[in-house]
Amino acid sequence: MTVEECYNAFGGDYSQAAGRLHSDVVIKKFMLKFPSQCGYDALCKAMEEKDYKEAFAASHTLKGVCMNLSFTALEESSSLLTEALRNGFSDEVPGLYKRVQKDYQKTIDVINGLD
């Protein structure tokens with residue numbers, strides 16, 4: 001699977017990423033680093049511990065990394081979660097967190113199929 005095909009598969013904006021990062025080699029480099037540097041593990045830990053202040057910070061980090069890489073679908077879901085956590089826990093947080101988990105897993109599965 002090519003970089004552009006990956007973006008199409010997980011709901012990203014390849015043309016925006018290519019415009020920002022200028023080559024598939026650079027995009028691929030950052031895509032492969034994404035799982036270890038995006039803040040997702042910290043988000044999961046914070047949600048498990050019901051530490052919503054830390055969950056807010058981690059979801060904000062995830063949103064920012066996704067925005068920089070033009071991972072549109074995951075950026076949108078993590079942005080919604082970030083806003084829901086801005087003032088602590090709210091009733092919409094569990095559903096939004098599940099959406100982030102789904103979008104993250106889809107993104108990771110696709111990245112793992114990258115040539």
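Whatever comes next refers back to the structure up there.
Residues numbered from 1 in each chain as written. Predicted model: local features only at pLDDT ≥ 70, side-chain atom pairs only at ≥ 80, totals over all residues. Heavy atoms only, no water.

A. Highlighting the packing of helix H4 (residues 40–48) against helix H7 (residues 93–112). Remark: H4 packs on H7, axes separated minimally by 12 Å, with the N-to-C direction vectors making an angle of 150°. As judged from the angle between their axes, H4 and H7 are roughly antiparallel. Of the two possible hands of crossing, H4 and H7 adopt the one that is left-handed. In this structure, H4 uses Tyr40, Leu43, Cys44 and Met47 to contact H7, whose residues at the interface are Val93, Tyr97, Val100, Gln101 and Tyr104. In the contact of H4 with H7, the residues fall into eight nonpolar, one polar and no charged. (Axes fitted to C-alpha atoms, helices over the stretch in contact; angles between N-to-C directions. Helix = DSSP H or I, 4+ residues; strand = E, 2+ residues; numbered from the N terminus. Parallel < 35°, antiparallel > 145°, perpendicular 65-115°, else oblique. Left-handed = near helix turned anticlockwise from the far one by under 90°. Contact = heavy atoms within 4.5 Å. Nonpolar A, V, L, I, M, F, W, Y, C, P; charged D, E, K, R; others polar.)

B. Inspection of the pattern of salt bridges at higher detail. What the rule picks out here adds up to three salt bridges. Two residues, Glu49 and Lys45, come together in a salt bridge whose shortest N-O distance is 3.8 Å. For the salt bridge of Arg99 with Asp103, the shortest nitrogen-to-oxygen distance reads 3.9 Å. With Arg99 and Asp103 both in helix H7, this residue pair falls four residues apart, about one helical turn. Assessed through its relative accessible area of 36%, Arg99 is described here as partly exposed. Taking the relative accessible area as the measure of exposure, Asp103 reaches 14% and is therefore buried. (Salt bridge = Lys/Arg side-chain N within 4 Å of Asp/Glu carboxyl O. Buried < 20%, exposed > 50% of the residue type's maximum accessible area, 1.4 Å probe, protein only.)

By themselves these figures say nothing about function.
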